[in-house]
Amino acid sequence: MSDMYTRKDISEEKIELTITIPKSAFEESYNAMLKDRTKDTDIKGFRKGKVPTDIVEPSMKPMLQFETFERLAPMYINTAVQKEKIPLIAPPKYSILPDFKKAKDLEFKVEITVMPEFKLGNLKKVSVKKEIVKIEEKDVEEVLKELKIKNETKAKKIGDSWAKEIAKTLGLEKITNLEELKKMVRDTLKTQKEHMLLHGYQDDALKQGIELSGIKIPQTAIEFESQERERAFEQDMQTRGMKVDDFLKQSGLDLKQMREAWEKDAKEALENDVFLNLFADKKDIKVTQEELDKKIEEIKKSQPTTDQSIFSNEEWLEYIKRVERKEKAFKKFIKDTIGEDSLDEHN
């Protein structure tokens, strides 16, 4: 079967395979399907399952021919893809279907989208402007007012007594006066803003790295990943016993908005994935067995009810290894471009 195809590279992201299914192989599969379909056919004058095929075949032939093709074609496509070592990023698309009327081998064409090759850009050009985090007094006052609105207290005015009551409600018994509460609020706001800015810097640096490397994801791949997100969403709704339309109404969204969001998310995820793998290759980043074992132990502890057999599944282990490699690449990229101080405990 391996010589039953030809390859044509149309562009850096498109490959066309012309595949041939031998007439003998097609007829063998077709006749088996025909026999299976006619065994339960019931026509007056014939015993059930004994109806001559030449009587029933004409009415079902076009449908059976296509079903036979649908059964055989994936096997021939997969063989060609594996032999050519083509890394699929979206399912192959049929560009020309076979002509069933011709009494010869069936020939059809598929178009395959692959990820173009990219080169890492000059990452020395990555530059992020960092802000000095300042928390204004009005920001603290707004939080205090919100706390007063949301919590019933004996003290009616914001002061030391009120602060002590609020602190007790929040489980902060060490706070005994208003100034201490203000300091806690100020520190919390500062931490939140720093965290938000930090991830903003990281996102900005990553976008610049992607742009400098000229990474453009084929639209076919983006559409496929977007559709996968939609399918996952529909399955989630089914699991919850909720209708998609009801969810959209409650959320104040429509399907068009959701699809736009899925497509945007798919594009960004693919860009990040390609860039970080490119960076990891360039920097020769690897995941050691010790690092992999440590990660697996963390997962086991955080998910104690998970089926233990998954932890020895080779495909799952390779997936975890890829994720860890990208995480290491991300940390090194951030450290190399905008500094180690742009990482936090979540990285």
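One structure accompanies this document, and this report is about it. These figures come from a predicted structure and were not determined experimentally.

Let's talk about the overall build of the protein
And then number 1: Helix and strand counts for the protein come out as 10 helices and four strands.
And then number 2: Helices and strands in the protein line up, N terminus first, as β-β-α-α-β-β-α-α-α-α-α-α-α-α.
And then number 3: The buried share of the protein, reckoned over its 347 residues, is 34%.
And then number 4: Sequence-distant contacts in the protein: of pairs separated by 6 or more residues, those separated by 24 or more amount to 69%.
And then number 5: Of the roughly 23,300 Å² of accessible surface on the protein, a fraction of 49% belongs to carbon and sulfur atoms.
And then number 6: With 67 positive and 71 negative side-chain charges, the protein shows a separation of 1 Å between the mean positions of the two kinds.

Describing helix H3 (residues 137-150)
And then number 1: The terminal C-alpha atoms of H3, which comprises 14 residues, lie 20 Å apart, in line with the 20 Å expected from a rise of 1.5 Å per residue.
And then number 2: For H3, every residue scored as buried is listed here: Val-140, Leu-144 and Leu-147. Down the axis of H3, the buried set is contained in an arc of 60°. They therefore lie on one face. Counted as exposed and oriented over 90 degrees from the buried face of H3: Lys-138, Glu-142, Lys-145, Ile-149 and Lys-150.
And then number 3: Buried positions along H3 lie against helix H4 (160-169) and helix H5 (178-212).

Some words on unusual backbone geometry
And then number 1: Even without a glycine there, the phi angle at Lys-85 is positive, about 55°.
And then number 2: Within the secondary structure, Lys-85 sits in the loop between helix H2 (53-84) and strand S3 (93-96).
And then number 3: Judged by relative accessible area, Lys-85 falls into the exposed class, the value being 73%.
And then number 4: Although it is not a glycine, Asp-284 adopts a positive phi angle of roughly 55°.
And then number 5: Relative to the helices and strands, Asp-284 is located in the loop between helix H8 (255-282) and helix H9 (289-302).
And then number 6: Asp-284 gets classed as exposed once you look at its relative accessible area, which sits at 51%.

Topic: the sheet that holds strand S2 (residues 14-21)
And then number 1: Pairing within the open sheet is antiparallel, and its four strands lie in the order S1-S2-S4-S3. Each edge of the open sheet is held by one strand with a lone partner, namely strand S1 (5-9) and S3. Adjacent strand axes in the sheet meet at a mean angle of 30°, parallel and antiparallel pairs treated alike.
And then number 2: The pairing of S2 with strand S4 (residues 106-113) spans eight bridges and is antiparallel. When the sheet's bridge partners are listed, Ile-19 is paired in S4 with Phe-108.

Some remarks on the pairing of S2
And then number 1: Of all eight residues making up S2, eight are buried, and the element is well covered by its neighbours.
And then number 2: Note that S1 and S2 share five bridges and pair antiparallel. What sits directly across from Thr-6, in S2, is Thr-18.
And then number 3: What sits between the antiparallel neighbours S1 and S2 is a turn of four residues.

Observations regarding the pattern of salt bridges
And then number 1: Evaluation of the coordinates by the stated rule reveals 27 salt bridges.
And then number 2: For Glu-230, the salt bridge identified is with Arg-259, shortest N-O distance 2.8 Å. A residue pair is termed long-range when its members are at least 10 positions apart, and Glu-230 in helix H6 (residues 219-240) and Arg-259 in helix H8 qualify at 29 residues.

Conventions adopted
Residues numbered from 1 in each chain as written. Predicted model: local features only at pLDDT ≥ 70, side-chain atom pairs only at ≥ 80, totals over all residues. Heavy atoms only, no water. Helix = DSSP H or I, 4+ residues; strand = E, 2+ residues; numbered from the N terminus. Buried < 20%, exposed > 50% of the residue type's maximum accessible area, 1.4 Å probe, protein only. Contact = heavy atoms within 4.5 Å. Areas by Shrake-Rupley, 256 points an atom, 1.4 Å probe, with all protein chains shown as cover. Lys, Arg positive; Asp, Glu negative; His and termini not counted. Charge placed at Lys NZ, Arg CZ, Asp CG, Glu CD. Expected span 1.5 Å × (residues − 1). Arc of directions from axis to C-beta. Pairing = 2+ DSSP bridges. Axes fitted to C-alpha atoms, helices over the stretch in contact; angles between N-to-C directions. Salt bridge = Lys/Arg side-chain N within 4 Å of Asp/Glu carboxyl O.

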